[in-house]
Amino acid sequence: MQTSQDREGNGASNRAASDALRASLVDVLGLAPQRVDLFDDDTGLFGSLPELDSMAVATLLTDLEDRLDIVIDDDDVDMDSFETFGSLAAMLSRKLDSRAA
């Protein structure tokens, strides 16, 4: 479950994470940009988007690493991270913040 602390932090990191995630969902999963633009923090991802299967998760993570110039370790990823758009964006934002520290 995502806490309010997970959603707080560097506004620039939050925005960069959300923007990269939206772009990646369009490019990797082939989702329509208009559809992805409507995603909010509560929009379900894994289990809710048929396009996001276990194989797509790996491709999505690799794409996000490239877009954000981060390394996502196995320890960073769990099923809760992929539950919603907000939970995945928060994980990415934390990775950006830790890179800057």
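Look a little higher up for the structure.
Cut-offs and rules
Residues numbered from 1 in each chain as written. Predicted model: local features only at pLDDT ≥ 70, side-chain atom pairs only at ≥ 80, totals over all residues. Heavy atoms only, no water. Helix = DSSP H or I, 4+ residues; strand = E, 2+ residues; numbered from the N terminus. Expected span 1.5 Å × (residues − 1). Buried < 20%, exposed > 50% of the residue type's maximum accessible area, 1.4 Å probe, protein only. Axes fitted to C-alpha atoms, helices over the stretch in contact; angles between N-to-C directions. Parallel < 35°, antiparallel > 145°, perpendicular 65-115°, else oblique. Left-handed = near helix turned anticlockwise from the far one by under 90°. Contact = heavy atoms within 4.5 Å. Phe/Tyr/Trp six-rings, centres within 6.5 Å; stacked < 30°, edge-to-face > 60°. Arc of directions from axis to C-beta.

A. Expanded view of helix H2 (residues 11–29). Taking 1.5 Å of rise per residue, 19 residues should cover 27 Å, and H2 covers 26 Å from first to last C-alpha, within 8% of that figure. For H2, the full list of buried residues reads Ser 13, Ala 17, Ser 18, Ala 20, Leu 21, Ser 24, Leu 25 and Leu 29. Backbone geometry just downstream of H2 places Gly 30 in the positive-phi region, at approximately 75 degrees.

B. Representation of the packing of H2 against helix H4 (residues 54–68). Axis separation between H2 and H4 bottoms out at 9 Å; the angle between their running directions is 135 degrees. By the criterion of interaxial angle, the relationship of H2 to H4 is oblique. H4 is crossed by H2, and the crossing has right-handed handedness. Each of Ala 16, Ala 20, Leu 21, Ala 23, Ser 24, Leu 25, Asp 27, Val 28 and Leu 29 in H2 lies in contact with H4, whose residues at this interface are Ala 56, Thr 59, Leu 60, Asp 63, Leu 64, Arg 67 and Leu 68.

C. Here's a closer look at the packing of aromatic side chains. Under the defined criterion, the tally for this structure stands at one aromatic pair. With 6.3 Å between their ring centres and 75 degrees between their planes, Phe 39 and Phe 85 make a pair best called edge-to-face. A residue pair is termed long-range when its members are at least 10 positions apart, and Phe 39 in the loop between helix H3 (33–37) and H4 and Phe 85 in helix H5 (residues 85–100) qualify at 46 residues. Phe 85 shares its class with Phe 39; the two are buried.

D. Seen up close, H4. The terminal C-alpha atoms of H4 lie 21 Å apart, and with 15 residues this matches the ideal 21 Å at 1.5 Å per residue to within 8%. Listed as buried for H4 are Ala 56, Val 57, Leu 60, Leu 61, Asp 63, Leu 64 and Leu 68. Along the long axis of H4, the arc covered by the buried residues comes to 170 degrees, so they all point the same way. Seen from the buried face of H4, the exposed residues on the opposite side, beyond 90 degrees, are Met 55 and Asp 66. One or two steps after H4, the chain reaches Asp 69, where phi turns positive at roughly 55 degrees.

Note that all results are geometric; they support no functional claim without further evidence.
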